[in-house]
Amino acid sequence: MVELFPEVVLVGNEKTFEMLHQYFELSPQVGTLKVKEGDKMAYFPMFVELKDQKVWVIGGGAVAYRKVQKLLLYGAKITVIAPQIETKLEEISEITKKRQEFTCDLLEETKDVPVLVIAATDDERLNAEISAFCKEKRIPVNVADALEKCSFVFPALVKQGK
């Protein structure tokens, strides 16, 4: 086993840990996350500077809210796009809200392309369309609860330090 992140504390739901168990050995003690020997991991673990970077979250419900909460910890400039936005998201003053249906034309037409897109709608077809478009345009995309449609993943985690 190769120890990767000796200082990381992971938290999350059962689905998060099922995904991580495909590639990592997770110890019950804080501080051990190891790649399983002999396994080839499809996702390269890396850290990304998000401070002041544009991130779009497509969807306005509970899943979008959880993703926004995580991203805010890292200083991302978040835009939530959805026809209806849950009250908890509405109350977050640090994010931009666009109350409209999302179409890929919005990404195609913007001059200020986001560094990440999170598809967190309850419409599997739309999430798949967002994924395909972003992959084609080489925009990293995360589709909530659809690992096969993601070009990057991020588990629930706890930020330590700066």
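Remember, predicted model here, so these are calculated numbers, not experimental data.

Draft legend 1. Quick peek at the overall build of the chain. The helix and strand inventory of the chain stands at five helices and 10 strands. Taking contacts inside the chain between residues at least 6 apart in sequence as the whole, the part at least 24 apart equals 51%.

Draft legend 2. Just helix 5 (residues 124-137), in detail. Compared with the 20 Å implied by 1.5 Å per residue over 14 residues, the 20 Å span of helix 5 between its first and last C-alpha is a close match. If you check which residues of helix 5 are buried, you get L126, N127, I130, S131, F133 and C134. In this structure, the buried residues of helix 5 make contact with strand 5 (54-58), helix 4 (104-109), strand 8 (116-119) and strand 9 (141-143). The residue sitting at the N-terminus of helix 5 and contributing the capping side-chain oxygen is D123; that oxygen lies 3.0 Å from the backbone nitrogen of R125. After helix 5 finishes, the residue R138 shows a positive phi value of roughly 60°.

Draft legend 3. Representation of helix 2 (residues 62-72). Within the sequence span of helix 2, burial applies to A64, Y65, K67, V68 and L71. Buried residues of helix 2, viewed axially, fall in a sector of 165°; they line one side.

Draft legend 4. Up close: the side chain of K97. With respect to the helices and strands, the residue K97 is situated in strand 7 (residues 96-99). A polar contact is formed between the side chain of K97 and the backbone oxygen of E90, at a distance of 3.4 Å. Only 2.7 Å separates the side chain of K97 from the backbone oxygen of I92, close enough to count as a polar contact. Sequence-distant contacts of K97, defined by excluding residues within four places in its chain, comprise V80, I85, L89, E90 and I92.

Draft legend 5. Looking closely at the pairing of strand 5. Burial runs high along strand 5: four of the five residues are buried. Summarising the sheet, strand 5 and strand 6 (residues 77-82) pair through five bridges and their orientation is parallel. Bridged to V57 within strand 6 is V80. You can see the chain leave strand 5, run along helix 2 and come back into strand 6, and the turn it takes is right-handed. Where strand 5 and strand 8 come together, four bridges link them in parallel fashion. Note that in strand 8 the partner of W56 across the bridge is V117.

Criteria and cut-off values
The written sequence of each chain sets the order in which its residues are numbered from 1. Residue-level local features of this predicted model are given only where pLDDT is at least 70; pairs of side-chain atoms are given and counted only at 80 or more, and the full residue set underlies all totals for whole chains, interfaces and linings. With hydrogens and water set aside, each side-chain value is computed from the structure's full complement of heavy atoms. The way it works is that DSSP assigns letters per residue, a run of H or I at least four long becomes a helix, a run of E at least two long becomes a strand, and they are numbered from the N terminus. Note on contacts: a residue pair qualifies if any of its non-hydrogen atoms lie within 4.5 Å across the two residues. Expected span, for any helix, means 1.5 Å times one less than how many residues it has. For each residue, the accessible area found with a 1.4 Å probe, counting protein chains only, is set against the maximum for its type, and the residue is called buried under 20%, exposed over 50%, and partly exposed in between. Nitrogen and oxygen atoms within 3.5 Å of one another constitute a polar contact, given that in protein one can donate a hydrogen and the other can accept it, and given that sequence-neighbouring residues count only through two side-chain atoms. To obtain the arc, one takes the directions from the helix axis to the C-beta atoms. Whether two strands pair depends on DSSP finding at least two bridges between them. Classification remark: right-handed applies to a crossover when, strands pointing away from the viewer, the course from the first strand over the helix to the second runs clockwise.

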